[in-house]
Amino acid sequence: GESLEMRPLRQIQAHSTYALKCLFSPDSRLLATTSADHTVKVWSLPSFKQEHVFGGHQRWVWDCEFSSDSNFLVTGSSDNTARSWNLALGDTVCHFNGHHKAVISVALCDSTS
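Model, not experiment: these values are computed from the prediction. (Residues numbered from 1 in each chain as written. Predicted model: local features only at pLDDT ≥ 70, side-chain atom pairs only at ≥ 80, totals over all residues. Heavy atoms only, no water.)

Caption draft 1: Fine view of the packing of aromatic side chains. Tallied over the full model, the rule gives three aromatic pairs. Ring centres of F54 and W85 lie 4.3 Å apart, and the angle between their planes is 20°; this geometry places the pair in the stacked category. With F54 in strand β4 (residues 49–54) and W85 in strand β7 (residues 82–86), the pair connects residues that are 31 residues apart, well separated along the chain. Neither F54 nor W85 differs from the other in exposure class; each is buried. Between W60 and W62 the ring centres are 5.3 Å apart and the planes differ by 45°, which places this aromatic pair in the tilted class. Residue W62 is classed as partly exposed on the basis of its relative accessible area, which comes to 31%. (Phe/Tyr/Trp six-rings, centres within 6.5 Å; stacked < 30°, edge-to-face > 60°. Helix = DSSP H or I, 4+ residues; strand = E, 2+ residues; numbered from the N terminus. Buried < 20%, exposed > 50% of the residue type's maximum accessible area, 1.4 Å probe, protein only.)

Okay, structure coming up:
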């Protein structure tokens, strides 16, 4: 059969080491990337302008999830913490401590419908 060759529409140098997750916001205006470099970066679309670099985690950031209104981001890390970030202010809203192992997955259910 025929082979299909795929090419990226856009490529960005997002992190200095492994990128672990890429996630589009529900309103399609933002892209979040998590990394082994201990950071989360948020990019505006379609320009791919870097809007935020969140460096609060001390180890790999494995996962992220946007709020349903795309105003907040929740992240989970190998530092045994999860964090909630306010994207308008660019700051931590809440720091969730007390996990005994790495937080490798996060979920957020904030929809009112």
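Picking up after the structure, the text goes on.
Caption draft 2: Geometry of the pairing of β7. Extensive coverage of β7 is indicated by the burial of five of its five residues. Neither face of β7 is left uncovered, since the one carrying A82, S84 and N86 and the one carrying R83 and W85 both have all their residues buried. Bridge analysis of strand β6 (residues 72–77) against β7 gives five bridges, and the strand direction is antiparallel. When the sheet's bridge partners are listed, L73 is paired in β7 with W85. The hairpin formed by β6 and β7 contains four residues between the paired strands, and N80 there has a positive phi angle of roughly 70°. Pairing of β7 with strand β8 (residues 91–96), which is carried by five bridges, proceeds in the antiparallel orientation. (Pairing = 2+ DSSP bridges.)

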